[in-house]
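The chain contents come next:
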Amino acid sequence: MRKQEARKRKPTTVEPKCSPAKFAKKDTDPNLKDPYPSYLNPTSQQCHAVRDDLLAFHGFPQQFAKYREQRLATASNGDENKSTTSPVPVVSPKESVLDGLVSIILSQNTTDANSQKAFSSLKSALPTWEDVHSADSKCIEDAIRCGGLAPTKASCIKNMLNCLLEKRGKLCLEYLRDLSIDEIKTELSQFKGIGPKTVACVLMFNLQQDDFPVDTHIFQIAKAIGWVPIEADTKKTYLHLNKRIPNELKFDLNCLLFTHGKACRKCIKKEDNQQKKETGSCPLLNYLKKD
(Lines give C-alpha, C1' and ligand atoms only; values in the text may rest on other atoms or scores of the structure.)
Protein backbone atom coordinates (compact mmCIF):
# COMPACT_ATOMS: atom_id res chain seq x y z
CA MET A 1 0.00 0.00 0.00
CA ARG A 2 2.80 2.41 0.81
CA LYS A 3 5.89 2.64 -1.39
CA GLN A 4 9.39 2.58 0.02
CA GLU A 5 11.58 5.63 -0.64
CA ALA A 6 14.68 5.02 -2.70
CA ARG A 7 17.95 6.57 -1.58
CA LYS A 8 21.12 7.14 -3.56
CA ARG A 9 24.50 6.37 -2.01
CA LYS A 10 27.79 7.94 -2.91
CA PRO A 11 30.41 5.18 -3.16
CA THR A 12 33.00 7.19 -1.25
CA THR A 13 30.69 8.14 1.62
CA VAL A 14 29.56 5.97 4.51
CA GLU A 15 26.10 7.12 5.56
CA PRO A 16 25.43 7.06 9.31
CA LYS A 17 22.72 4.72 10.52
CA CYS A 18 20.65 7.56 11.88
CA SER A 19 20.60 10.61 9.64
CA PRO A 20 17.72 13.06 9.18
CA ALA A 21 15.95 12.56 5.87
CA LYS A 22 15.84 15.45 3.44
CA PHE A 23 12.07 15.53 3.26
CA ALA A 24 11.79 16.45 6.94
CA LYS A 25 13.70 19.68 6.41
CA LYS A 26 11.74 20.55 3.31
CA ASP A 27 8.39 19.63 4.81
CA THR A 28 8.79 22.19 7.59
CA ASP A 29 9.59 24.95 5.07
CA PRO A 30 6.61 27.34 5.27
CA ASN A 31 6.92 28.02 1.54
CA LEU A 32 5.96 24.40 0.85
CA LYS A 33 2.93 24.25 3.13
CA ASP A 34 0.57 24.67 0.16
CA PRO A 35 1.93 24.34 -3.40
CA TYR A 36 -1.39 25.65 -4.80
CA PRO A 37 -2.38 28.61 -2.57
CA SER A 38 -4.73 30.04 -5.20
CA TYR A 39 -6.49 26.70 -5.82
CA LEU A 40 -9.48 26.95 -3.50
CA ASN A 41 -10.75 23.37 -3.63
CA PRO A 42 -11.64 21.61 -1.47
CA THR A 43 -13.67 24.09 0.55
CA SER A 44 -14.81 23.29 4.05
CA GLN A 45 -18.34 22.80 2.71
CA GLN A 46 -17.11 20.32 0.07
CA CYS A 47 -15.20 18.35 2.69
CA HIS A 48 -18.27 18.13 4.92
CA ALA A 49 -20.48 17.08 2.00
CA VAL A 50 -18.14 14.33 0.79
CA ARG A 51 -17.60 13.05 4.33
CA ASP A 52 -21.35 12.93 4.97
CA ASP A 53 -22.13 11.20 1.66
CA LEU A 54 -19.43 8.56 2.12
CA LEU A 55 -20.42 7.98 5.74
CA ALA A 56 -24.06 7.48 4.72
CA PHE A 57 -23.00 5.08 1.96
CA HIS A 58 -20.33 2.99 3.72
CA GLY A 59 -20.82 3.62 7.40
CA PHE A 60 -17.57 4.13 9.29
CA PRO A 61 -14.98 1.48 8.23
CA GLN A 62 -14.61 -1.08 11.01
CA GLN A 63 -10.90 -1.58 10.38
CA PHE A 64 -10.31 1.98 11.62
CA ALA A 65 -12.93 2.00 14.39
CA LYS A 66 -10.48 1.42 17.25
CA TYR A 67 -8.39 4.43 16.18
CA ARG A 68 -11.51 6.57 15.98
CA GLU A 69 -12.49 5.53 19.52
CA GLN A 70 -9.04 6.51 20.77
CA ARG A 71 -9.25 9.93 19.10
CA LEU A 72 -12.68 10.56 20.59
CA ALA A 73 -11.43 9.48 24.02
CA THR A 74 -8.38 11.75 23.73
CA ALA A 75 -10.59 14.69 22.77
CA SER A 76 -12.97 13.91 25.63
CA ASN A 77 -10.14 13.75 28.17
CA GLY A 78 -8.79 17.05 26.93
CA ASP A 79 -12.11 18.86 27.32
CA GLU A 80 -11.96 20.36 30.79
CA ASN A 81 -15.46 21.76 30.46
CA LYS A 82 -17.06 18.39 29.74
CA SER A 83 -19.68 17.30 32.27
CA THR A 84 -18.40 14.76 34.77
CA THR A 85 -21.70 12.89 34.37
CA SER A 86 -21.05 12.17 30.70
CA PRO A 87 -20.59 8.46 29.91
CA VAL A 88 -17.00 7.31 29.53
CA PRO A 89 -16.49 5.78 26.06
CA VAL A 90 -15.35 2.17 25.86
CA VAL A 91 -11.97 2.29 24.15
CA SER A 92 -9.89 -0.53 22.66
CA PRO A 93 -6.42 -1.01 24.17
CA LYS A 94 -4.07 1.56 22.67
CA GLU A 95 -1.57 0.20 20.16
CA SER A 96 2.01 1.22 20.92
CA VAL A 97 3.63 3.65 18.50
CA LEU A 98 6.30 1.09 17.63
CA ASP A 99 3.68 -1.59 16.96
CA GLY A 100 1.82 0.88 14.77
CA LEU A 101 4.91 1.85 12.79
CA VAL A 102 5.85 -1.77 12.06
CA SER A 103 2.25 -2.57 11.11
CA ILE A 104 2.29 0.28 8.59
CA ILE A 105 5.62 -0.89 7.14
CA LEU A 106 4.16 -4.37 6.70
CA SER A 107 1.06 -2.94 5.00
CA GLN A 108 3.05 -1.59 2.07
CA ASN A 109 2.19 -3.10 -1.31
CA THR A 110 -0.06 -5.84 0.03
CA THR A 111 -3.60 -6.46 1.20
CA ASP A 112 -4.89 -5.63 4.66
CA ALA A 113 -5.41 -9.32 5.37
CA ASN A 114 -1.84 -10.25 4.40
CA SER A 115 -0.28 -7.38 6.35
CA GLN A 116 -2.23 -8.34 9.48
CA LYS A 117 -1.19 -11.95 9.02
CA ALA A 118 2.45 -10.88 8.64
CA PHE A 119 2.34 -8.80 11.84
CA SER A 120 0.73 -11.65 13.80
CA SER A 121 3.31 -14.07 12.43
CA LEU A 122 6.16 -11.75 13.43
CA LYS A 123 4.84 -11.35 16.99
CA SER A 124 4.30 -15.10 17.27
CA ALA A 125 7.83 -15.94 16.14
CA LEU A 126 9.50 -13.03 17.94
CA PRO A 127 7.22 -11.81 20.76
CA THR A 128 9.18 -8.70 21.81
CA TRP A 129 10.95 -5.99 19.83
CA GLU A 130 14.13 -6.99 21.66
CA ASP A 131 13.68 -10.45 20.12
CA VAL A 132 13.22 -8.91 16.66
CA HIS A 133 16.28 -6.71 17.14
CA SER A 134 18.42 -9.70 18.17
CA ALA A 135 17.18 -11.97 15.38
CA ASP A 136 18.99 -12.28 12.07
CA SER A 137 17.36 -10.83 8.98
CA LYS A 138 16.51 -14.26 7.56
CA CYS A 139 14.43 -15.10 10.63
CA ILE A 140 12.50 -11.84 10.31
CA GLU A 141 12.00 -12.40 6.59
CA ASP A 142 10.58 -15.87 7.19
CA ALA A 143 8.16 -14.53 9.79
CA ILE A 144 6.75 -11.79 7.52
CA ARG A 145 7.01 -13.54 4.15
CA CYS A 146 3.22 -13.87 3.83
CA GLY A 147 3.03 -10.07 3.58
CA GLY A 148 5.25 -9.81 0.51
CA LEU A 149 8.51 -7.91 -0.05
CA ALA A 150 9.97 -9.72 2.95
CA PRO A 151 13.66 -8.83 2.38
CA THR A 152 12.91 -5.13 1.91
CA LYS A 153 10.55 -4.87 4.88
CA ALA A 154 12.79 -6.96 7.15
CA SER A 155 15.74 -4.69 6.32
CA CYS A 156 13.65 -1.59 7.06
CA ILE A 157 12.45 -2.96 10.40
CA LYS A 158 15.90 -4.16 11.41
CA ASN A 159 17.53 -0.83 10.53
CA MET A 160 14.82 1.12 12.35
CA LEU A 161 15.26 -0.92 15.54
CA ASN A 162 19.07 -0.61 15.37
CA CYS A 163 18.80 3.14 14.90
CA LEU A 164 16.23 3.54 17.67
CA LEU A 165 18.32 1.56 20.18
CA GLU A 166 21.44 3.51 19.22
CA LYS A 167 19.69 6.85 19.62
CA ARG A 168 17.37 6.27 22.57
CA GLY A 169 18.87 3.29 24.43
CA LYS A 170 15.61 1.35 24.33
CA LEU A 171 13.13 0.06 21.78
CA CYS A 172 10.24 2.41 22.43
CA LEU A 173 8.67 5.29 20.49
CA GLU A 174 6.22 6.49 23.13
CA TYR A 175 8.28 9.65 23.63
CA LEU A 176 6.87 10.86 20.29
CA ARG A 177 3.52 11.50 22.00
CA ASP A 178 5.03 14.56 23.71
CA LEU A 179 6.45 16.13 20.53
CA SER A 180 5.03 18.51 17.95
CA ILE A 181 4.10 17.30 14.46
CA ASP A 182 7.26 18.78 12.93
CA GLU A 183 9.41 17.22 15.65
CA ILE A 184 7.78 13.83 15.10
CA LYS A 185 8.43 14.07 11.35
CA THR A 186 12.07 14.88 12.02
CA GLU A 187 12.45 11.96 14.43
CA LEU A 188 10.82 9.35 12.20
CA SER A 189 12.58 10.57 9.06
CA GLN A 190 15.89 9.38 10.53
CA PHE A 191 14.99 5.80 9.69
CA LYS A 192 15.83 4.52 6.23
CA GLY A 193 12.78 3.38 4.31
CA ILE A 194 10.35 5.39 6.44
CA GLY A 195 8.82 7.84 3.96
CA PRO A 196 6.38 10.75 4.32
CA LYS A 197 3.27 8.59 3.83
CA THR A 198 4.32 6.18 6.57
CA VAL A 199 5.06 9.09 8.90
CA ALA A 200 1.67 10.66 8.14
CA CYS A 201 -0.08 7.37 8.95
CA VAL A 202 1.72 7.08 12.30
CA LEU A 203 0.74 10.67 13.06
CA MET A 204 -2.93 10.09 12.26
CA PHE A 205 -3.51 6.57 13.58
CA ASN A 206 -1.09 6.14 16.48
CA LEU A 207 -0.47 9.66 17.72
CA GLN A 208 -4.00 11.09 17.22
CA GLN A 209 -2.60 14.07 15.31
CA ASP A 210 -4.50 15.96 12.63
CA ASP A 211 -2.69 14.79 9.52
CA PHE A 212 -3.98 13.55 6.16
CA PRO A 213 -1.92 10.77 4.52
CA VAL A 214 -2.26 10.43 0.75
CA ASP A 215 -2.10 6.93 -0.69
CA THR A 216 -2.82 5.90 -4.29
CA HIS A 217 -6.58 5.62 -3.73
CA ILE A 218 -6.94 9.04 -2.11
CA PHE A 219 -4.63 10.62 -4.69
CA GLN A 220 -6.73 9.31 -7.58
CA ILE A 221 -10.02 10.38 -6.03
CA ALA A 222 -8.67 13.84 -5.15
CA LYS A 223 -7.77 14.41 -8.80
CA ALA A 224 -11.04 12.91 -10.06
CA ILE A 225 -13.21 15.24 -7.95
CA GLY A 226 -11.05 18.31 -8.59
CA TRP A 227 -9.55 18.75 -5.15
CA VAL A 228 -6.09 19.21 -6.67
CA PRO A 229 -4.95 20.37 -10.12
CA ILE A 230 -4.60 17.65 -12.73
CA GLU A 231 -0.81 18.03 -12.78
CA ALA A 232 -0.44 17.48 -9.02
CA ASP A 233 1.75 14.64 -7.74
CA THR A 234 1.27 12.79 -4.47
CA LYS A 235 3.61 15.03 -2.45
CA LYS A 236 1.90 18.24 -3.59
CA THR A 237 -1.50 16.62 -3.07
CA TYR A 238 -0.50 15.79 0.52
CA LEU A 239 0.63 19.35 1.20
CA HIS A 240 -2.42 20.95 -0.43
CA LEU A 241 -5.04 18.73 1.20
CA ASN A 242 -3.47 19.12 4.63
CA LYS A 243 -3.81 22.86 4.22
CA ARG A 244 -7.38 22.85 2.85
CA ILE A 245 -9.17 20.09 4.81
CA PRO A 246 -10.41 21.19 8.27
CA ASN A 247 -8.57 19.38 11.05
CA GLU A 248 -11.74 18.01 12.59
CA LEU A 249 -12.61 16.22 9.33
CA LYS A 250 -9.20 14.80 8.41
CA PHE A 251 -9.42 11.46 10.18
CA ASP A 252 -12.94 10.43 9.13
CA LEU A 253 -12.53 11.76 5.60
CA ASN A 254 -9.21 10.00 5.11
CA CYS A 255 -10.53 6.63 6.29
CA LEU A 256 -13.67 6.97 4.17
CA LEU A 257 -11.84 8.05 0.99
CA PHE A 258 -9.35 5.22 1.40
CA THR A 259 -12.13 2.68 1.87
CA HIS A 260 -14.14 4.05 -1.04
CA GLY A 261 -11.11 4.17 -3.33
CA LYS A 262 -10.48 0.47 -2.81
CA ALA A 263 -14.08 -0.41 -3.61
CA CYS A 264 -15.10 2.01 -6.37
CA ARG A 265 -13.64 1.62 -9.84
CA LYS A 266 -15.35 4.76 -11.08
CA CYS A 267 -13.28 6.96 -8.77
CA ILE A 268 -9.99 5.20 -9.51
CA LYS A 269 -10.60 5.21 -13.28
CA LYS A 270 -10.41 1.46 -13.82
CA GLU A 271 -12.58 0.15 -16.63
CA ASP A 272 -13.74 -3.45 -16.27
CA ASN A 273 -16.88 -5.56 -16.24
CA GLN A 274 -17.43 -4.92 -12.53
CA GLN A 275 -17.78 -1.19 -13.19
CA LYS A 276 -20.80 -1.81 -15.42
CA LYS A 277 -22.56 -3.47 -12.50
CA GLU A 278 -21.84 -0.44 -10.28
CA THR A 279 -23.65 2.14 -12.41
CA GLY A 280 -25.32 4.65 -10.13
CA SER A 281 -23.82 3.13 -6.97
CA CYS A 282 -21.04 5.68 -6.41
CA PRO A 283 -21.91 8.44 -3.91
CA LEU A 284 -19.25 10.69 -5.48
CA LEU A 285 -20.68 10.69 -9.03
CA ASN A 286 -21.94 14.25 -8.66
CA TYR A 287 -18.49 15.40 -7.56
CA LEU A 288 -16.50 13.90 -10.44
CA LYS A 289 -14.95 16.39 -12.82
CA LYS A 290 -16.38 16.32 -16.33
CA ASP A 291 -13.80 15.45 -18.99
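Because the structure is predicted, anything quoted here is derived from the model rather than measured.

Rules used throughout
Residues numbered from 1 in each chain as written. Predicted model: local features only at pLDDT ≥ 70, side-chain atom pairs only at ≥ 80, totals over all residues. Heavy atoms only, no water. Axes fitted to C-alpha atoms, helices over the stretch in contact; angles between N-to-C directions. Helix = DSSP H or I, 4+ residues; strand = E, 2+ residues; numbered from the N terminus. Parallel < 35°, antiparallel > 145°, perpendicular 65-115°, else oblique. Left-handed = near helix turned anticlockwise from the far one by under 90°. Contact = heavy atoms within 4.5 Å. Nonpolar A, V, L, I, M, F, W, Y, C, P; charged D, E, K, R; others polar. Core = buried A, V, L, I, M, F, W, Y, C linked by side-chain atoms within 4.5 Å. Buried < 20%, exposed > 50% of the residue type's maximum accessible area, 1.4 Å probe, protein only. Polar contact = N/O pair within 3.5 Å; in protein donor to acceptor, adjacent residues only side chain to side chain. pLDDT = per-residue confidence, 0-100. Phe/Tyr/Trp six-rings, centres within 6.5 Å; stacked < 30°, edge-to-face > 60°. Lys NZ or Arg CZ within 6 Å of the ring centre and 35° of its normal.

Visitor: Account for the packing of helix 9 (residues 181-188) against helix 10 (residues 196-206), naming residues and giving values.
Guide: Two elements in contact, helix 9 and helix 10, have axes whose closest approach is 10 Å; the angle formed by their N-to-C orientations is 135°. When the axes of helix 9 and helix 10 are compared, the pair comes out oblique. For helix 9 against helix 10, the interelement crossing comes out right-handed. Where helix 9 abuts helix 10, its residues Ile-181, Ile-184, Lys-185 and Leu-188 lie against Val-199, Val-202 and Leu-203. A per-class count over the contact of helix 9 with helix 10 returns six nonpolar, no polar and one charged.

Visitor: How would you sum up the environment of Lys-94? Please name residues and give values.
Guide: Considering the arrangement of structural elements, one finds Lys-94 in the loop between helix 3 (65-77) and helix 4 (97-106). The spacing of Lys-94 and Glu-69 is 25 residues in sequence and 9.8 Å in space, taken between C-alpha atoms. In this structure, Lys-94 is in contact with Gln-70, Arg-177 and Gln-208, ignoring residues within four places of it in sequence.

Visitor: Which residues make up the nonpolar core, and what values go with them?
Guide: In this structure, Trp-227 and Leu-257 are the most contacted members of the largest nonpolar core, which totals 75 residues. Tallying contributions element by element places helix 8 (residues 150-168) first for this core, with eight residues. With residues near it in sequence (within four places) discarded, Leu-257 still touches Val-50, Leu-54, Phe-212, Ile-218, Ile-221, Trp-227 and Leu-284.

Visitor: Give a description of the side chain of Asp-34 that names residues and reports values.
Guide: Its location among the elements puts Asp-34 in the loop between helix 1 (22-27) and helix 2 (44-58). Among the polar contacts listed, one links the side chain of Asp-34 to the backbone nitrogen of Tyr-36, at a separation of 2.9 Å. In this structure the side chain of Asp-34 is engaged in a polar contact, spanning 2.9 Å, whose partner is the side chain of His-240. Among all residues touching Asp-34, those that are not within four sequence positions of it are Leu-239, His-240, Lys-243 and Arg-244.

Visitor: Pulling in residues and values, what's your account of helix 12 (residues 234-244)?
Guide: Three or more residues of helix 12 are buried, namely Thr-237, Tyr-238, Leu-239, His-240, Leu-241 and Asn-242. Where helix 12 begins, the side chain of Asp-233 points an oxygen toward the backbone nitrogen of Lys-235, at a separation of 3.3 Å.

Visitor: Kindly report on the confidence of the model for the chain, identifying the contributing residues and their values.
Guide: Residues at a pLDDT of 70 or more form 79% of the chain, whose mean pLDDT is 85. Low pLDDT, under 50, characterises residues 1-16; the predicted model gives this stretch 32 contacts beyond four residues in sequence or across chains. pLDDT under 50 marks residues 80-89. Its contacts with residues more than four places away, or in other chains, come to two contacts.

Visitor: Account for the packing of aromatic side chains, naming residues and giving values.
Guide: On inspection of all chains with the given rule, the structure shows six aromatic pairs. A ring pair is formed by Phe-64 and Phe-205, whose centres lie 5.3 Å apart and whose planes are at 20°; its orientation type is stacked. With Phe-64 in the loop between helix 2 and helix 3 and Phe-205 in helix 10, this residue pair connects regions lying 141 residues apart in the sequence. The same class applies to Phe-64 as to Phe-205, namely buried. When the centroid spacing of 6.0 Å and the interplanar angle of 80° are considered together, the rings of Phe-205 and Phe-251 count as edge-to-face. Here the residue Phe-205 occupies a position in helix 10, and Phe-251 occupies one in helix 13 (residues 247-263), the gap between them amounting to 46 residues. The pair Phe-205 / Phe-251 is uniform in exposure class, with both members buried. The residue whose ring lies beneath Lys-123 is Trp-129, and the NZ or CZ to ring-centre distance is 4.4 Å. Above the face of the Tyr-175 ring, Arg-168 is positioned so that its terminal group lies 3.6 Å from the ring centre.

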